[in-house]
Every structure is written in structure tokens, then in C-alpha cells.
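Working through the structure, step by step
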Amino acid sequence: MTSAPAVPVTLAEIARLAGVGRAAVSNWRRRHESFPARIGGTEGSPQFSLTEIESWLRDNNKLKSASGREWLWPRFEALGSRDETGRAIAAAGRVLAGGSVDPEGAAGQQLSQQAFDLVDSAAELGQREGPLEIFEFLLRRCLDVNVRQISTTPEPLASLMVDLGLRVRDRLGAGANTGLTVLDPACGTGHLLGAAAVVPHVGTLRGCDTDPVLAELADARLRLVRLSSAGGPVSSVSTGDSLRADPLADARADVVVCNPPFNERDWGYEELATDARWAHGMPPRTEPELAWVQHCLARLRPGGTAVVLLPPAVANRRAGRRIRGSLLRTGMLRAVIALPPGYAPPHSVSLQLWVLQAPGEGVAGSDTLLLADGVSRFPRISPRDFVPDWEALGAFVRSAVEQLGAGPEVEGTARECMAAVPVIDLLDDEVDLTPGRHIASVTSSTGSRLADSWKEFSQVLEGLGESAGRLAGLELAEDDGAGLTTTTVGELARAGALTVSGGQQPDSETTLQSRPDEGSVPLLTVPDLLLDGTPRSWLPLTAVEASGATVAAPGDVIVAGVARAFSAWVHEGAPTALGPQLYALRVHPDQLDAWFLAGSLRAPANARQAGTHASSSSRVDVRRLQVRQVPLAEQKAYRALFQQVAALDKQLKRMSALGTGLVRDLSDELAAGRITGPA
């Protein structure tokens with residue numbers, strides 16, 4: 001009888017299983033000859049047999065738990081492809097929801113015996129840890145592994161879109177909000193429908209996706225949500241192409257929510273030329289998003305609302321101007337809301353929410369379009385350490401909804417970055433619906449921002465003065481330091497006082513140019529340092545674990561080993577992966593102070609003597625960088641001085657950024673004649 005193939009696990013996965021850090025596992029591997037040999041991967045990123053690791057952990061009294069979700073996931077991942085793993089997770093979800101999987105049925109025939117065994121294990125674990133919790137854990141891990149292939153809607157945004165659709169429908173008089181039907185024609189794994197499933201007024205959920213595996217996952221997810229809420233909405237998810245051959249062609253919904261695929265040119269342009277859904281015009285081949293907009297309108301009941309997440313170009317591309325004009329003239333497009341960058345993938349652009357409503361009895365028309373500009377409402381000076389403020393964004397979007405049907409005047413605090421623009425003013429040759437191009441800078445908004453900027457500017461200026469005063473009082477010693485002894489980073493590493501880990505070039509297939517919702521670390525590169533030091537790409541945790549990438553932790557000293565970007569500093573932010581020519585130095589605190597080390601290394605003279613040749617493009621041999629040999633107590637005395645120098649550097653950079661923003665805002669307001677008074 002042929003034995004099942006070994007399930008591979010990485011050092012990071014072993015660390016999670018044992019409840020320790022990755023460094024501890026690496027230490028076990030070096031110290032214990034009995035540690036299992038690797039079965040795959042590379043020496044820098046080894047893989048081991050899950051069975052052998054479990055046995056070794058048990059024999060050495062290091063086993064955290066012989067069961068649990070962390071032990072289950074590697075076995076699912078080992079099934080092979082994304083589809084195999086996804087189908088097994090979907091089958092587990094159906095069983096966890098109280099259903100079954102017929103081995104002779106269409107779904108069962110696509111599962112191996114190994115997958116059926118895992119479904120049973122997941123069901124058993126779900127009885128102890130919760131069915132929905134186990135399914136969501138497996139689904140989240142699957143999405144993390146396939147983050148480049150599967151696009152999802154962030155859960156806070158999904159909830160906001162559903163809430164927006166319901167609020168608009170209620171505000172514009174579309175009827176009772178009970179037993180409502182919510183439809184998503186491109187549902188993916190069901191994030192939007194999952195958000196609608198917990199709304200009390202929703203009675204039916206309908207979804208569709210072209211990918212059968214994603215549709216199965218969405219179906220299982222909604223079944224589990226219904227089970228956990230003890231009587232939630234009835235749901236059904238179909239597999240099919242909503243544009244080409246919609247399996248829900250006869251369905252009508254009170255609310256449609258959709259995050260359609262972007263920029264897909266092969267959407268059915270040739271086959272659908274005479275389709276009845278194109279009431280506002282045949283979408284050009286280059287405008288698939290406008291095909292989705294009209295599809296969503298066609299699936300609405302009279303008075304129903306649709307909320308569609310779209311890229312910003314849909315609002316201004318010339319090819320789509322006739323359709324945009326028709327949507328305005330008929331009053332079906334009610335609002336366009338620009339979201340700040342960073343709230344949904346792709347995170348580098350400002351996505352838009354289009355709010356539409358089908359005509360119906362009792363639904364008041366409108367000769368204005370509500371525009372809301374979240375980009376100017378939530379400006380970002382720098383994306384460094386950016387965290388979406390969903391509460392503030394939600395309040396802004398909901399305040400925008402309150403203006404619908406209120407007439408041309410936008411009232412109250414909602415006036416900031418909002419405008420009810422007459423449709424006639426938008427029906428020009430471009431029909432450009434980009435909110436920021438029609439909303440003038442509001443005095444109260446700019447005034448508030450200027451006041452905040454001046455306040456922070458004054459605080460930074462005060463801190464700058466204090467730092468300068470302290471550092472200006474330092475005196476140079478008469479001793480030229482000729483008798484001082486120095487050592488190098490390389491010698492300190494050999495002595496065990498620190499470890500040196502070099503960054504590496506990540507696989508381009510795993511590097512993300514937009515920030516995923518979770519399960520990732522920022523990737524810092526030398527080009528980032530040459531700009532403003534802000535990481536501009538990310539690595540999924542799964543890619544970090546698989547490649548053994550160097551990740552700098554808080555307290556590590558990061559050194560840039562290129563002359564044109566040379567620097568050294570104590571890392572204080574979130575864990576960050578390092579690219580080529582960047583190094584993480586982790587000190588032994590009983591022998592070295594990290595601030596003393598960083599301050600000593602970053603001296604320009606140090607870089608010059610450790611450079612490979614005299615030019616700005618030379619590399620700096622980090623192991624040749626020198627450090628004075630002084631007792632730890634004296635290092636700690638210097639620590640405060642080095643921290644003050646670092647604070648001065650940070651204050652100067654912040655002052656520069658604030659000054660740039662102040663000059664920009666003041667120039668805008670002066671040019672518009674909104675600033676008065678003596679200079």
C-alpha cells in the first residue's frame with residue numbers, strides 16, 4: 001500500500017505549532033541533532049515533514065497541542081492547487097453547516113480521499129472550536145496564500161456598501177425594509193453577501209460568480225452565517241458568467257452590491273451587442289465597468305438601489321461619456337463617492353462608490369448629483385504606517401447619504417468636501433463625474449486643516465528648538481580619540497554580540513504593489529529610502545515564510561549598505577521585510593546597546609572607510625563598519641545623545657512635510673481670494 005505524501009511545513013509554521021518564535025525553531029535545529037531533516041525547500045527556506053515534526057516536538061516535550069486549527073491548515077495546503085484546496089474548504093464548510101458531501105455527486109467526485117479525511121477532521125474540530133470560526137480560519141489562510149489571484153472586498157467596506165444601499169433605498173422612499181433581497185452578481189468568496197447576511201431586514205441572498213470554486217466557498221460561508229445567526233436569510237449562490245449567460249437573469253433584488261472585476265476587456269462585447277440591459281447605450285469594449293453598472297440596474301426591482309465599487313477612470317474616460325450622460329439624465333445615478341487611497345485594493349488609487357436607483361412608484365427624482373470627495377476629506381501627507389479609519393470614513397459616507405433628496409444645498413458639517421451638483425452642469429463634452437473636480441475647497445474644511453497644520457508646525461518648531469538647544473550645548477573634547485579601540489560589525493557577530501541578516505530580492509510573483517487587507521508585511525527597499533523611506537510594496541506572510549525573507553523587528557538596527565542611501569537606525573515600527581542591500585542587526589542586550597550601535601554606524605566617515613570604492617553608487621561592506629569599544633554603561637550614556645540626534649533628524653523631516661502642505665493650502669486659498677487680513 002502506497003503511503004500518503006509527507007505534508008510540508010516551514011519554520012514559521014513549526015513556530016506557530018509550538019507556540020514559540022521562529023528564531024527558537026532555528027535554534028532547535030542547530031542544537032539538536034535529532035531535529036528532522038528537511039524534505040524540501042532550500043537551506044534558507046527549508047520544509048519539513050509535519051508528521052516528523054509532531055513526533056519530535058512530542059518527544060522533546062515542546063508540543064503545544066496535538067490538534068487544533070494550526071495543525072489542520074498545512075494538510076489542506078498540501079492538497080496541491082488553489083482549486084483543490086478551495087474545494088476541500090468549501091466541502092468542509094457545507095459539513096460544518098450541517099450538510100453533507102456525496103462522494104458520487106459532482107462536488108464529491110472532484111475530492112480525493114485525502115480531502116474527505118480533512119473534511120472529517122475539520123468537522124470534528126468545528127464541534128470544539130465553532131463551525132464558523134474554523135471555516136473562516138481556513139478560508140482566510142487560503143486567501144492569504146492566493147492573494148494575487150483572488151481579490152476580496154475588505155469586510156468594513158463590504159458592511160459600508162450594504163448599509164449604504166439600504167439607507168439610500170429607505171431615504172428615497174422605495175418601500176418597506178422587510179424581507180429584502182440582496183444580490184451580488186460577482187460575489188467571489190462572499191464578502192459582500194456575508195455583510196448583508198447579518199442585517200435584520202434582509203430575507204434572501206443571491207450570488208453568482210464565474211469561478212466555481214469561489215462560488216462554492218461563498219455558498220458554504222453563507223450557510224454557516226445562517227447557522228450561527230439561528231435563522232438568518234435564505235441564500236443561494238450560482239456559478240456562471242453574469243454578463244454573458246446570467247444564471248440569475250430572472251432574479252430581481254431590492255439592493256444590488258457589487259465589486260466587479262476591473263479592466264477586463266474580454267467581457268462579451270461581441271456577443272452582447274443587442275442585449276436588452278444596455279438601456280443607456282452599448283458599453284464600449286474598453287468600458288466593462290459600465291456594462292456591470294447597467295447589469296446591476298437591470299437586476300433591481302422598481303425603486304431598488306445598487307452600490308458598485310469602481311476604479312476612478314470610469315468617471316472620466318471619454319469612451320463612456322454617453323452612458324454617464326444617460327445615467328444622469330434619467331436620474332438613475334444618485335451619488336458618486338470618492339474613497340481615499342488605501343481603503344481597498346488596488347490601494348494606490350482612489351476607488352469610487354457609485355450609488356444608483358431604479359425608477360419606481362413613490363421614488364422622487366432628482367436634478368442634482370451628490371458628489372463626495374473622501375480624498376480631500378482625509379488627506380494623507382505620507383502613507384507610512386497608514387491605517388484605514390473606517391469609523392471616520394463610514395461617518396462621512398453616511399452623512400453624504402443624508403443629503404440625498406434634500407435639494408441643492410448641502411447642510412451642516414456634511415458641507416465639507418460634498419456638493420449637490422446640478423445635472424445640467426455636468427452634461428458637457430466630457431461628463432466628468434470625478435468628485436474632486438467639482439467640489440471647491442470649502443473654507444471651513446481648509447481652515448480647519450490649516451489650523452491643525454499650524455498647531456502641529458508650532459509644536460514641531462518648539463521641539464526643534466529644544467533639541468537644537470540641547471545639542472548646541474555639547475562641547476568637543478580636546479582628546480582626539482587616538483587611544484580609543486574599535487571593533488567591527490563582523491567581529492561583533494563572531495563574538496555573538498549581534499547577528500547580521502541580509503535582505504534579499506523577493507520573487508516578483510509574490511510582491512504586491514497594493515496593500516492587502518491582512519496577512520502581509522511591508523517590504524522596504526533602497527529605492528524607497530531614496531524617495532521618502534516609505535515602503536511601496538508588500539509581501540504576504542505566506543511568501544515571507546516560504547522564502548525565509550529577512551524581517552526586521554522593533555529594536556533591530558537596520559543598515560542600508562549602499563553609499564547613496566547609507567544610513568543606520570533603530571527600527572521602531574511594525575515588522576518589515578528587507579530588500580537587497582539592507583541588513584538587520586539584532587544585538588545581544590547584555591553586550592550592546594542598539595541606539596549606541598546605530599548612532600556609531602551611521603557616521604558618514606564610517607561609511608567612507610567601509611565603502612568598496614569612492615562613488616555614490618558604491619556598496620558599503622556592513623561587516624567592516626566600526627564601533628568604539630566602550631563598556632555597556634557608557635554605551636547607555638551615549639544612547640540618550642544618539643536618540644536626540646535621531647529626534648532632530650525626524651523633526652526636520654516632519655517640518656519639511658508640514659511646510660510643503662502649508663504652502664500648498666495657503667497658495668490655493670490666496671489664489672481663490674479666501675484669505676484676508678494683514679500679512
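Anyway, here's the lowdown on the structure attached to this text. All residue numbers refer to positions counted from 1 along the written sequence of the respective chain. Local features in a predicted model are, by the rule used here, given only for residues with pLDDT of at least 70; side-chain atom pairs are given and counted only at 80 or more, and totals for whole chains, interfaces and linings are based on all residues. Hydrogens and waters are ignored; side-chain quantities use all the structure's heavy atoms.

**Some points on the side chain of Thr181**
Filter applied, for reference: Secondary structure counts use DSSP, requiring at least four H or I residues in a row for a helix and at least two E residues in a row for a strand, with both numbered from the N terminus. Exposure is judged per residue with a 1.4 Å probe applied to protein chains only, and the accessible area is read against the type maximum: over 50% gives exposed, under 20% gives buried, and values in between give partly exposed. Residues are treated as being in contact if the distance between any of their heavy atoms lies within 4.5 Å.
Considering the arrangement of structural elements, one finds Thr181 in strand S4 (residues 180–184). Thr181 gets classed as buried once you look at its relative accessible area, which sits at 8%. Once residues within four sequence positions are removed from consideration, Thr181 is found in contact with Thr204, Arg206, Arg252, Ala253, Asp254, Val255 and Arg301.

**What to know about the sheet that holds strand S1 (residues 8–10)**
The pairing of strands in a sheet comes from backbone hydrogen bonds and takes either a parallel or an antiparallel form. Just so we agree on the cut-off: In this scheme, strands are said to pair when DSSP sees at least two bridges between them. Working convention: axes come from line fits to C-alpha atoms, limited for helices to the stretch in contact. Angles between N-to-C directions cover 0 to 180 degrees.
The strand order S1-S3-S2 describes an open sheet built from 3 strands, whose pairing is antiparallel. Only two strands of the sheet have a single neighbouring strand rather than two, namely S1 and strand S2 (40–41). Bridge count for S2 against strand S3 (residues 46–49) is 2 bridges, and the pairing is antiparallel. When the bridges of S3 are listed, Gly40 appears paired with Gln47. Of the strands in this sheet, S1 and S3 are in contact with helix H3 (residues 50–59), which crosses S3 at around 75°.

**A short note on the packing of aromatic side chains**
The geometry of an aromatic ring pair is captured by two quantities: the separation of the ring centres and the angle between the planes. Convention followed: Two rings belonging to Phe, Tyr or Trp (six-membered ring only in the last case) form a pair when the distance between their centres is within 6.5 Å. Interplanar angles under 30 degrees mark stacking, angles over 60 mark edge-to-face geometry, and anything in between is tilted. Distance and angle both matter: a charge sits over a ring if NZ of Lys or CZ of Arg is within 6 Å of the ring centre and within 35 degrees of the ring normal.
Inspection of the entire model under this criterion finds 11 aromatic pairs. Between Trp28 and Trp56 the ring centres are 5.8 Å apart and the planes differ by 45°, which places this aromatic pair in the tilted class. Taken as a pair, Trp28 in helix H2 (residues 22–31) and Trp56 in helix H3 lie far apart in primary sequence, 28 residues in all. Residue classification places Trp56 among the buried residues on the basis of a relative accessible area of 5%. By the ring-pair criterion, three or more aromatic residues cluster together here, those being Trp28, Phe35, Phe48 and Trp56. Directly above the aromatic system of Phe137 lies the positively charged group of Arg69, at a separation of 5.6 Å from the ring centroid. Its guanidinium or amino end placed over the ring of Phe378, Arg377 lies 5.1 Å from that ring's centre, counting from NZ or CZ.

**Details of the layout of surface pockets**
Defined as follows: A 1.4 Å probe that fits but cannot get out identifies a cavity on a 1 Å grid over protein atoms alone, an open set with protein on both sides within 12 Å along at least five of seven lines counts as a pocket, and a residue lines either if it has an atom within 4 Å of a point. Grid points are joined across faces, edges and corners, and a volume is the space filled by probe spheres set on the points. The classification used treats Ala, Val, Leu, Ile, Met, Phe, Trp, Tyr, Cys and Pro as nonpolar, Asp, Glu, Lys and Arg as charged, and all other residues, Gly among them, as polar.
Taken as a whole, the second largest pocket spans an internal volume of roughly 1,000 Å³. Forming the boundary of the second largest pocket are 32 residues, of which Arg22, Ala23, Ser26, Ala549 and Arg586 lie nearest the centre. Of all elements in the fold, only helix H1 (11–18), H2, strand S14 (498–502), helix H19 (541–547) and strand S21 (582–587) reach the threshold of two or more residues within the lining of the second largest pocket. The element that contributes the greatest number of residues to the lining of the second largest pocket is H2, accounting for 6 residues. Residue composition of the lining of the second largest pocket, grouped by class: 16 nonpolar, 8 polar and 8 charged.

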